[in-house]
Amino acid sequence: MGIRNIITRHKIGRGDADNRFPYDENMHEAVIRCSICTGEQVAGFKNRQDGSFVGVMVIKSDDDLEYFKELYGVEKVRKVY
């Protein structure tokens with residue numbers, strides 16, 4: 001399953017907080033997956049046990065990142081490449 005399919009499945013629009021990914025701080029780490037080729041940034045969650053990634057929203061600006069942090073109640077978001 002490609003990243004676009006994952007984003008589509010878990011897509012959250014502003015104001016659609018009921019359709020959020022079931023984030024569990026003990027099982028997931030909030031990360032931004034960055035493409036070294038295109039610079040695209042996708043915020044999501046990396047499973048602490050198996051390393052799998054689920055993208056929930058594309059980050060296009062600092063406002064998007066702040067919204068992601070606020071929506072999921074996270075303070076730190078690490079970048080992974």
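Provided above is the structure to which this section pertains.
Some details on the overall build of the protein chain
Move 1: Counting its secondary structure elements, the protein chain contains two helices and four strands.
Move 2: Shown N-terminal to C-terminal, the secondary structure of the protein chain runs as helices and strands in the order α-β-β-β-α-β.
Move 3: Across the 81 residues of the protein chain, 38% fall into the buried class.
Move 4: Carbon and sulfur atoms make up 44% of the accessible area of the protein chain, which amounts to about 5,600 Å² in all.

Let's talk about the pattern of salt bridges
Move 1: In the structure shown here, the tally under the stated rule is two salt bridges.
Move 2: As a salt-bridge pair, Arg78 and Glu29 come within 2.8 Å of each other at their nearest N and O atoms. Taken together, the residues span a long stretch of sequence, with Arg78 in strand β4 (residues 78-80) and Glu29 in strand β1 (residues 28-34) at a distance of 49 residues.
Move 3: Judged by relative accessible area, which is 40%, Arg78 ranks as partly exposed.

A closer look at the nonpolar core
When a protein is soluble and globular, its nonpolar side chains tend to lie buried together.
Move 1: Among the nonpolar cores identified, the biggest contains 17 residues, and Phe45, Val56, Met57, Phe68, Tyr72 and Val77 are the most heavily contacted of them.
Move 2: Contributions of two or more residues to this core are made by β1, β2 (41-47), β3 (53-59) and α2 (62-72).
Move 3: Top element by residues in this core is α2. It accounts for five residues.
Move 4: If sequence neighbours within four positions are ignored, Phe45 has contacts with Phe21, Tyr23, His28, Glu29, Ala30, Ser52, Phe53, Val54, Val56, Phe68 and Tyr72.

Looking at the side chain of Asp64
Move 1: With respect to the helices and strands, the residue Asp64 is situated in helix α2.
Move 2: Look at Asp64 and you get buried, because its relative accessible area is 13%.
Move 3: In this structure the side chain of Asp64 is engaged in a polar contact, spanning 2.9 Å, whose partner is the backbone nitrogen of Lys60.

Cut-offs used in this document
Residues numbered from 1 in each chain as written. Predicted model: local features only at pLDDT ≥ 70, side-chain atom pairs only at ≥ 80, totals over all residues. Heavy atoms only, no water. Helix = DSSP H or I, 4+ residues; strand = E, 2+ residues; numbered from the N terminus. Buried < 20%, exposed > 50% of the residue type's maximum accessible area, 1.4 Å probe, protein only. Areas by Shrake-Rupley, 256 points an atom, 1.4 Å probe, with all protein chains shown as cover. Salt bridge = Lys/Arg side-chain N within 4 Å of Asp/Glu carboxyl O. Core = buried A, V, L, I, M, F, W, Y, C linked by side-chain atoms within 4.5 Å. Contact = heavy atoms within 4.5 Å. Polar contact = N/O pair within 3.5 Å; in protein donor to acceptor, adjacent residues only side chain to side chain.

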